[in-house]
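Here is how the chains run, residue by residue.
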Amino acid sequence: MQEFYSIARTKVIFTKTERDELWNLATKRKSTLDLQNLRTKCPALAHQIQKSLELGNNIQSAVFSECVYAQTLANMLKLDLFVNCTDEPNFIPSSVACLIHSYNLVPRYVYSTKDRRRMLIQAGGCGGIDSALITVIDLVIYTIEFKEPGAKTSEPDLPKYNEDGKLE
């Protein structure tokens, strides 16, 4: 946590307004959605939207948010290498993969340093945490749950936060 808070304040890669616009384009299957440009800025989100278009399903809102927040965190931690686990299933070292599977999670995407010593793994699963990001450093796993401001959590009376992280 100290490292996270020592990094200069960073804005999410898409503002709430931009995320809403992208969401509308993706769910209404608008041809004006520039997937190539999106692939450059947030490859996981581009892949999820492409997959939803191919399958005829809408992208899940939680996965949509996870992709945006994961890319922001990867940028903050200087994890410059992006890997789609479907395309490269053996990218994650076996010792790390075993730990992930022990949490009943299935890796979707990896954000990594080029030497693979540090990884942020976007994963989820039915029997595990519904949407987790896992940072693996020396086989220590830190799980991170992303929620949109005002999203339901375990406490119904929790306050809402603005885009800047301040209470409304």
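Procedures and definitions
Residues numbered from 1 in each chain as written. Predicted model: local features only at pLDDT ≥ 70, side-chain atom pairs only at ≥ 80, totals over all residues. Heavy atoms only, no water. Phe/Tyr/Trp six-rings, centres within 6.5 Å; stacked < 30°, edge-to-face > 60°. Helix = DSSP H or I, 4+ residues; strand = E, 2+ residues; numbered from the N terminus. Buried < 20%, exposed > 50% of the residue type's maximum accessible area, 1.4 Å probe, protein only.

Let's talk about the packing of aromatic side chains
Evaluation of the coordinates by the stated rule reveals three aromatic pairs. Between Trp-23 and Phe-64, the aromatic rings sit 5.4 Å apart at their centres with planes inclined by 90°, giving edge-to-face as the arrangement. You can see Trp-23 sitting in helix H2 (residues 16-27) and its partner Phe-64 sitting in helix H5 (residues 61-76), a full 41 residues away along the chain. The class for Trp-23 is partly exposed, based on a relative accessible area of 26%. Its relative accessible area of 4% is what places Phe-64 among the buried residues. Through a chain of ring-to-ring contacts, the aromatic side chains of Phe-82, Tyr-109 and Tyr-111 assemble into a single cluster.

Side note on unusual backbone geometry
Here the phi dihedral of Lys-78 falls at roughly 60°; this positive angle occurs in a residue that is not glycine. Along the chain, the position of Lys-78 falls in the loop between H5 and strand E1 (81-84). Even without glycine at this site, Asn-104 takes up a positive phi of about 60°. With respect to the helices and strands, Asn-104 occurs in the loop between helix H6 (94-102) and strand E2 (106-112). The exposure class assigned to Asn-104 is partly exposed, which follows from its relative accessible area of 46%.

Distances and angles like these do not, on their own, reveal function.
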